[in-house]
Amino acid sequence: MSDATRTGTFITLEGIDGCGKSTQAALLAEKIEAAGREVVRLREPGGTRISEKVREILLDPENAEMADECELLLYEASRAQLVRQVVVPALERGAVVLCDRFYDSTFAYQAGGRSLDESLVERCNELGCCGVHPDRTIVLDLDVERALARATADGTDRLEAEGVAFQQRVRDAYLRLAEAEPARVRLVDADGGVDEVAERILSALADLVGDGARHE
Ligand code: TMP
């Protein structure tokens, strides 16, 4: 399946840890469903039996010795399985696939946060996504210290444990992406009430999911 021949819509949500993505993904899924489209809600890493096992390895704070290259390849492995097993069939039957994180997270965290070579990470992303690219990517942008405080309120995973400077590099990488690919990647201010932020997201998606979703 090429990007040009599919009938579904592929939307990804991105941002630093604690930016409010999961809450917004749930709200967005409800609105799009209420407007009459099938929504397949996914998260990365995860979403298949194999990908969820890889997720456990990736986020386990006990795996502190993990090499950056191992981390990169595990994210790609988890992604390839999700794309082949779930994303492609859903897009082929015309669903809206709403994925909490996708390959822009790898760019932001492994190239930005870990400082791995950007072009190498982009090539790995191309393999991991199996040639399937999002139609639109929403980056929820929020101050790093506030977001991290929120993310770690009920426990800290291996990536969150990297701290504020790491999250700042991740945020900077997202800002660069939004500048480099303005048609696909839309920066949304995540500072504000839940409904206010939801409205900003819907207006950045109006051409893809229709205005119907905004009024549900
Ligand atoms: P989350 O599901 O709570 O957002 O946790 C996923 C964590 O994994 C989060 O800290 C971001 C990180 N991550 C990467 O470092 N690279 C990736 O490619 C993806 C998908 C996530």
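Scroll up for the structure.
All of the points below concern the structure found in this document. All figures in this text were calculated on a predicted structure; none of them were measured in a lab.

1. Quick word on the nonpolar core
One finds I138, L140, Y174 and I201 to be the most contacted residues of the largest nonpolar core, which totals 48 residues. Every residue in contact with Y174, bar those within four places of it in the chain, is listed here: E14, G15, I16, R101, D104, S105, A108, Y109 and V139. Counting 17 residues, the second-largest nonpolar core is a separate cluster that includes F10, V83, V87 and V97.

2. Looking at the side chain of T106
Residue position: T106 is located in helix α4 (residues 103-113). In contact with T106, other than residues within four places in its own chain, are L72, E76, R79, A111, V121 and N125.

3. A closer look at the site of the ligand
Within the structure, the ligand sits among 14 residues, and D17, Y75, R101, T106 and Q110 are positioned closest to it. Contact distances for the ligand include 2.6 Å between an oxygen atom and a side-chain N or O atom of T106. Interatomic distance of 2.8 Å between a side-chain N/O atom of Q110 and a nitrogen atom of the ligand. A total of 480 Å² of accessible area belongs to the ligand in isolation, and the protein chains cover 92% of it. Looking at the shell around the ligand, the elements that each hand over two or more residues are α2 (49-59), α3 (68-92) and α4. For the shell around the ligand, the leading source of residues is α4, giving four residues. Each residue belonging to the shell around the ligand can be placed in one class, and the counts come to five nonpolar, three polar and six charged.

4. Some words on the environment of A90
As for its position among the elements, A90 is in helix α3. The exposure class assigned to A90 is buried, which follows from its relative accessible area of 1%. Measuring from C-alpha to C-alpha, the distance between A90 and E162 comes to 35 Å, with 72 residues separating the pair along the chain. Excluding its chain neighbours within four sequence positions, the residues that come into contact with A90 are V40, A95 and V97.

How each quantity is defined
Residues numbered from 1 in each chain as written. Predicted model: local features only at pLDDT ≥ 70, side-chain atom pairs only at ≥ 80, totals over all residues. Heavy atoms only, no water. Core = buried A, V, L, I, M, F, W, Y, C linked by side-chain atoms within 4.5 Å. Buried < 20%, exposed > 50% of the residue type's maximum accessible area, 1.4 Å probe, protein only. Contact = heavy atoms within 4.5 Å. Helix = DSSP H or I, 4+ residues; strand = E, 2+ residues; numbered from the N terminus. Near = heavy atom within 4 Å. Polar contact = N/O pair within 3.5 Å; in protein donor to acceptor, adjacent residues only side chain to side chain. Areas by Shrake-Rupley, 256 points an atom, 1.4 Å probe, with all protein chains shown as cover. Nonpolar A, V, L, I, M, F, W, Y, C, P; charged D, E, K, R; others polar.

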